[in-house]
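Now for the letters of each chain:
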Amino acid sequence: MISIRQLRYFEALATTLHFGRAAEMVHVSQPALSAQIMEMEKNLGVKLVERTRSNTLLTAKGHEVLAHARTVLAAVDRLEEAARRSSGTLEGLLRLGIIPTVAPYLVPKMVPHLRREHPLIEIELKEAVTDRLLGDLAEGRLDAIIAAIPIEMDSVVAKSLFVDRFYMAMSANESDVLLSQMTETEVDPDRLLLLEEGHCLREQALSVCKSASKRSLVNFGATSMTTLLQMVSNDMGMTLIPELAIETETARTPIRIVPFADPAPSREIGLVWRRSSPRRADMEALAEAIIASREKKAIVPGPINRLSGNARL
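Residues numbered from 1 in each chain as written. Predicted model: local features only at pLDDT ≥ 70, side-chain atom pairs only at ≥ 80, totals over all residues. Heavy atoms only, no water.

K.L.:
Would you mind showing me how to read the overall build of the chain here?
P.N.:
Counting its regular elements, the chain contains 10 helices and 13 strands. When each of the 313 residues of the chain is scored for burial, the buried share is 49%. Accessible surface, the chain: about 15,900 Å² in total, of which carbon and sulfur atoms supply 52%. (Helix = DSSP H or I, 4+ residues; strand = E, 2+ residues; numbered from the N terminus. Buried < 20%, exposed > 50% of the residue type's maximum accessible area, 1.4 Å probe, protein only. Areas by Shrake-Rupley, 256 points an atom, 1.4 Å probe, with all protein chains shown as cover.)

Written as structure tokens, this is what we have:
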């Protein structure tokens, strides 16, 4: 008979496709993990893994078994969580994913507020792009995610947290100084810097700057807002910056912030969880706590202003 331990080891191996890294993921030695995988194959009577000197691949049967294994493990996780949780709201482990263009600016205020208002909560955070977070949410590795909404998936529920206006970030030495609010048609596509593929802010920037063709875009493959703004400060181009990031990023990078004329472009940030989750009360309470943790900030005044993989918390 196969065990839950074997299923967890097999999922780790399927995720990493490397015996050494899989062993590290589940905190066992490589021989111990390899022995359990072989025992699982023996019990099932099928080959799950194709081993070569240079590669580890799942067999066709391995892929089939993996889908069932993840379903079983998600059910086991829900069972364990239900047993741990008391009847109180926001108590016990909460696994939360956050997109990279929100996490650095929301977490420093959100986590202290949650600890103060809900002292029995244990928060596990993961920062990743939206598609990866949605995959982890669907497979039960996360309880909820914070991302730009709407998300077109029938299997999830979303609750709005706040609207985040966009501004244009330019070099403090920018010679083409605007004396009025910017319109979307005034964005120079030849100087527009974008995050790498996979970041939703990239797609939002392209939506705002509709005149930008793929040929004219300046692609540096930046993986963070901080890196992108360093490029901007060195007069390598301009980029969209969400209002949420302005206070933090302008404190460490000399850039100009230029507002858009009304109606200003924006994104909506929401809390997203599985429709099937038994923790709806927790999700509603979490959303309210996140909203309460955010201080009201005034919109940046004037047309131009120079403004100086998992963690468990």
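K.L.:
Help me understand the packing of aromatic side chains, please; the structure alone is not making it clear to me.
P.N.:
Aromatic ring pairs are defined here through the distance separating the ring centres and the angle between the ring planes. Summed over the entire model, instances satisfying the criterion amount to zero aromatic pairs. Seen from the ring of Phe162, Arg294 lies directly overhead, with NZ or CZ sitting 3.8 Å from the centre. (Phe/Tyr/Trp six-rings, centres within 6.5 Å; stacked < 30°, edge-to-face > 60°. Lys NZ or Arg CZ within 6 Å of the ring centre and 35° of its normal.)

K.L.:
What's the story with the nonpolar core in this structure? I'm lost.
P.N.:
In a soluble, globular protein the nonpolar side chains are often hidden away together inside. Within the largest apolar cluster, 56 residues are counted, with the highest numbers of intra-cluster contacts made by Leu96, Ile98, Met110, Ile146, Ile241 and Leu271. Examining the composition of this core, we find that seven residues originate from one element, helix H5 (residues 103–117), more than from any other. With residues up to four places along the chain from it excluded, the contact list for Met110 reads Leu96, Ile98, Leu125, Ile146, Ile290 and Ser293. (Core = buried A, V, L, I, M, F, W, Y, C linked by side-chain atoms within 4.5 Å. Contact = heavy atoms within 4.5 Å.)

K.L.:
Before we go on, may I ask you to explain the packing of H5 against helix H10 (residues 280–293) in this structure?
P.N.:
Each pair of packed helices gets described by two things: the angle between the helix axes and the distance between those axes. For the pair H5 and H10, the least separation of the axes is 9 Å and the interaxial angle reads 120°. H5 and H10 meet at a crossing whose hand is right-handed. On H10, the residues that touch Leu106, Lys109, Met110, His113 and Leu114 of H5 are Leu286, Ala289, Ile290, Ala292 and Ser293. Taken together, the residues of the contact of H5 with H10 sort by class into seven nonpolar, two polar and one charged. (Axes fitted to C-alpha atoms, helices over the stretch in contact; angles between N-to-C directions. Left-handed = near helix turned anticlockwise from the far one by under 90°. Nonpolar A, V, L, I, M, F, W, Y, C, P; charged D, E, K, R; others polar.)

K.L.:
What exactly am I supposed to notice about the confidence of the model for the chain here?
P.N.:
Low-pLDDT stretches of the model should not have their predicted coordinates read in fine detail. On average, residues of the chain score 82 in pLDDT, and 77% of them reach the 70 mark or higher. A low-confidence stretch, residues 211–217 stays under pLDDT 50, and its non-local contacts, those more than four residues away or across chains, total 11 contacts. Low confidence marks residues 297–313, where pLDDT is under 50. Its contacts with residues over four positions away, or in another chain, come to 57 contacts. (pLDDT = per-residue confidence, 0-100.)

K.L.:
Whenever I open this one, H5 confuses me. Can you help?
P.N.:
The periodicity of an α-helix, 3.6 residues per turn, causes residues three or four places apart in sequence to face the same way. For H5, built from 15 residues, the straight-helix expectation of 21 Å at 1.5 Å per residue is met to within 8% by its first-to-last C-alpha distance of 20 Å. The inward-facing, buried residues of H5 contact strand E3 (92–98), strand E4 (121–127), strand E5 (144–149), helix H8 (225–233), helix H9 (243–250) and H10. (Expected span 1.5 Å × (residues − 1).)

K.L.:
How should the pattern of salt bridges be read in this particular structure?
P.N.:
Counted according to the given criterion, the structure contains 21 salt bridges. Ionic pairing is found between Glu247 and Lys109, a salt bridge with its closest N-O pair at 3.8 Å. Note that Glu247 is positioned in helix H9 and Lys109 in helix H5, a separation of 138 residues in sequence. On the basis of relative accessible area, Lys109 is assigned to the partly exposed category, the value being 30%. Arg165 serves as the salt-bridge partner of Asp262, at 3.6 Å between the closest nitrogen and oxygen. Taken together, the residues Asp262 in the loop between strand E10 (255–259) and strand E11 (266–274) and Arg165 in strand E6 (residues 156–171) connect sequence positions 97 residues apart. The class of Asp262 is exposed, set by a relative accessible area of 62%. (Salt bridge = Lys/Arg side-chain N within 4 Å of Asp/Glu carboxyl O.)

K.L.:
Would you take a moment to explain the pairing of E5 for this structure?
P.N.:
Remark: a regular strand shows side chains that alternate across the two faces of the sheet. Taken across its six residues, E5 has six buried, putting it largely inside the fold. Examined bridge by bridge, E3 and E5 share three bridges and lie parallel to one another. Each bridged residue has a counterpart across the sheet, and for Gly97 the counterpart in E5 is Ile145. Relative to E11, E5 is paired through six bridges, and the arrangement is antiparallel. Within the sheet, the bridge partner assigned to Ala147 lies in E11 and is Gly270. (Pairing = 2+ DSSP bridges.)

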